[in-house]
Protein chains: 2
Amino acid sequence: MTAETLLLDYGSGGRASQRLIADLFFKHFDNPLLSAMNDAAILDLQGPVAMSTDSYTVDPLFFPGGDIGSLAVHGTVNDVAMMGAKPKYLSCGFILEEGLSMELLERIVTSMGLAAREAGVLIVTGDTKVVPRGCVDKVFINTTGVGEIIANPAPAGNRANPGDVILVSGTMGDHGLTILSHREGLSFATDIASDSAPLAHMVEKLVYEVGDISVLRDPTRGGLATTLNEIAGQSGTVFKVREADIPVRESVKNGCSFLGLDPLYLANEGKLICIVPQEKAEKALEVIRSLQYGGDAAIIGEVLSAEGGPAKAGQVVMETPLGGHRLLNMLEGEQLPRIC
Amino acid sequence: MTAETLLLDYGSGGRASQRLIADLFFKHFDNPLLSAMNDAAILDLQGPVAMSTDSYTVDPLFFPGGDIGSLAVHGTVNDVAMMGAKPKYLSCGFILEEGLSMELLERIVTSMGLAAREAGVLIVTGDTKVVPRGCVDKVFINTTGVGEIIANPAPAGNRANPGDVILVSGTMGDHGLTILSHREGLSFATDIASDSAPLAHMVEKLVYEVGDISVLRDPTRGGLATTLNEIAGQSGTVFKVREADIPVRESVKNGCSFLGLDPLYLANEGKLICIVPQEKAEKALEVIRSLQYGGDAAIIGEVLSAEGGPAKAGQVVMETPLGGHRLLNMLEGEQLPRIC
């Protein structure tokens, strides 16, 4: 690199920008589509295409289990995958603060390159804006992903049917608690790490080995509780889950109890909710558990009809370990800003 | 809306986020793909696909001729179109500062909706992050666009051939000078306005009525001079342009002269450079001039071979009105931060 901190020049569109692109982005994102350096990349996509976007503003930039770079790849790859799709291409837009350390930027870009390779996607087009000091807090990243939908029909929020079974691919709350505790410098943070991970491979296996899947959704901001409410609302059904069956790490339970947080409202970045017809549930569980990021998968509940059910359409009922029932509401306010 | 200023809640992923989406985004971006509310949108795309991304950080948010919302649509639509493509879908990622006026946000979203309709694209998927006060300057927007490539072969920077003719679709420097003078509160600003406009229709007409086009590129950051240098570099040729033939408004010339700026280095947001074989040049000029955003189009120069030419491969030579020649270099530093 030609400077140790980022200058406004690097976002000018001129020669300094070109050096940044050549020295940093081509090095870590190397692929022929990106290096053609046209205004847009030319993609090869077959059949119906899924597209999703997310901006990442996480604070701190680096945390146990990941950083803003890997998170920006995983988060968008996972959103595309949840359509029953194989993510193929990402765009990447950086908004950088003048004076940012180049070494820090290169660590982030390196992490993005590695995460993209693991997830099997190419970063094919990008944009870098450098704004004056104080106009942005260090680094914000937008990624937008496209992929080929391999499931037919594609899973969708309105396809949850009464009788379907609800699975989660692992423990809840790891990412959210990690960010919060790391930000606050809390000492119990040593035991926990973000679950940030790519789920494209898991989705591919589910589609090919389980077949018809009603819903796939990753419980990110708002956590499991909010995401279940969204899906129940979209499908006009009632969800019933058993608290005792929802996997939560002991360290996360303890941390949440210390801070007065509920792990079911905390963000996850490497977990999915999978809703399948009852006869497919055991197979889906077996497939997910066989994979690197699915060892703690569990069946947590069922989809019920709103007619004659224990609650109104769009509601989520949770059975407590003592056998009582309570409504699990959607997140109302903000638990944690800048969680992703 | 339920609050007059933006709260952190609105970016939480919970109920407050959903209200923002329903009240604001669905209202102005209304289309069935967006309102399905899944993690990703399902797109219908045929053939090779072009993808491009840009983040918009322009300051001020509103300026004569446009605002950050219309600019965020035009800029990305135009980048996709420059691949000889018909832009079809946009994603939209907002990063918003806590405390932002809701009325201001709605003005921006309204403007995006109108710009998308004029450009013929659907905003199909989005993301909203709200960050604490001071972590971002009011509003940043990322848009990522995809479209179907209708030109075969697609125009590309490395396809400029000796003998080709260089056209521009209108006057240079309007956007850049507008932003700077408006920001500084300069009085001559009353006469000028940004040229921000969608060029998708112009590209479609060029592809269908002119046929083989060597290069299309929009001279945004870094201006005409920088963009011509990029293309000359990619194609290993020499470009020769005539200063007297490059259209620049009198008011822009005067404003630039007052501020010591060169209009050939100022950003444009509704103009394209079109490079075509010599025998197609008159037809291309006629097509562009017949359109709403092309009335001031002009032929400004030619592509020369680097062998035996007046300069080295990748260089741009400008003939001055007095018949002299000088090298038109790429922008080195930063003329204007936050120009787009």
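So, here's what we can say about the structure. (Residues numbered from 1 in each chain as written. Chains lettered and ligands numbered in written order. Predicted model: local features only at pLDDT ≥ 70, side-chain atom pairs only at ≥ 80, totals over all residues. Heavy atoms only, no water.)

**Regarding helix α9 (residues 281–289) of chain B**
Residue and element names in this part refer to chain B. The set of residues buried in α9 consists of Ala281, Ala284, Leu285, Val287 and Ile288. The buried residues of α9 occupy an angular sector of 165 degrees when projected down its axis, which confines them to one face. Residues of α9 that are exposed and point more than 90 degrees away from the buried face comprise Glu282 and Glu286. Here the buried face of α9 lies against β8 (165–168), α6 (200–210), β11 (273–276) and β12 (298–304). (Buried < 20%, exposed > 50% of the residue type's maximum accessible area, 1.4 Å probe, protein only. Helix = DSSP H or I, 4+ residues; strand = E, 2+ residues; numbered from the N terminus. Arc of directions from axis to C-beta. Contact = heavy atoms within 4.5 Å.)

**Considerations on the pairing of strand β7 (residues 139–149) of chain B**
Residue and element names in this part refer to chain B. Where burial is concerned, most of β7 is hidden: 11 out of the 11 residues are buried. Two elements, strand β2 (residues 49–56) and β7, share 8 bridges in a ladder whose sense is antiparallel. Across the sheet, Ser52 pairs through a bridge with Gly145, a residue of β7. Direction of pairing for strand β5 (residues 85–97) relative to β7: antiparallel, over a ladder of 11 bridges. Note on β7: the bridge partner recorded for Ile95 is Phe140. (Pairing = 2+ DSSP bridges.)

**Some details on the environment of Gly324 of chain B**
Residue and element names in this part refer to chain B. Tracing the backbone through its elements, the reader meets Gly324 in the loop between β13 (316–319) and β14 (325–327). Gly324 sits in the partly exposed class, given a relative accessible area of 29%. Apart from residues lying up to four places away in sequence, Gly324 is in contact with Met318 and Glu319.

**Some words on the relation of the copies chain B and chain A**
One copy of the chain maps onto the other through a rotation about an axis plus a displacement along that axis. Aligned on chain A, chain B shows an RMSD of 0.0 Å; the corresponding rotation is 180 degrees and the shift along the axis is 0.0 Å. Each copy turns onto its partner about a two-fold axis. Scanning chain B for the C-alpha nearest the rotation axis identifies Val136 of chain B, at a separation of 2.2 Å. In this assembly the copies share their binding face: 100% of the residues contributing to the interface of chain B also contribute to that of chain A. (Least-squares fit on C-alpha atoms with pLDDT ≥ 70 in both.)

**Things to note about the packing of aromatic side chains**
This model, assessed by the stated rule, comprises 4 aromatic pairs over all chains. Each ring, one from Phe25 of chain A and one from Phe94 of chain A, has its centre 5.1 Å from the other, and the planes form 20 degrees; the classification is stacked. Placement of the pair is Phe25 of chain A in helix α1 (residues 15–29) and Phe94 of chain A in strand β5 (residues 85–97), with a sequence separation of 69 residues. Both residues of the pair, Phe25 of chain A and Phe94 of chain A, belong to the buried class. The structure contains a cluster of three or more aromatic residues connected by ring pairs, namely Phe25, Phe29 and Phe94 of chain A. Arg107 of chain B extends its terminal NZ or CZ atom over the ring of Phe62 of chain B, reaching a point 3.8 Å from the ring centre. (Phe/Tyr/Trp six-rings, centres within 6.5 Å; stacked < 30°, edge-to-face > 60°. Lys NZ or Arg CZ within 6 Å of the ring centre and 35° of its normal.)

**Examining unusual backbone geometry**
With an omega of 5 degrees, the peptide bond between Asp59 of chain B and Pro60 of chain B qualifies as cis. Note on placement: Pro60 of chain B falls in the loop between β2 and β3 (62–63). In this model, Asn152 of chain B is joined to Pro153 of chain B through a cis peptide bond whose omega is 0 degrees. By the secondary structure assignment, Pro153 of chain B is in the loop between β7 and β8. Even without being a glycine, Lys138 of chain A presents a positive backbone phi close to 65 degrees. Inspection of the secondary structure puts Lys138 of chain A in the loop between β6 (122–131) and β7 (139–149). The partly exposed category is assigned to Lys138 of chain A, whose relative accessible area is 31%.

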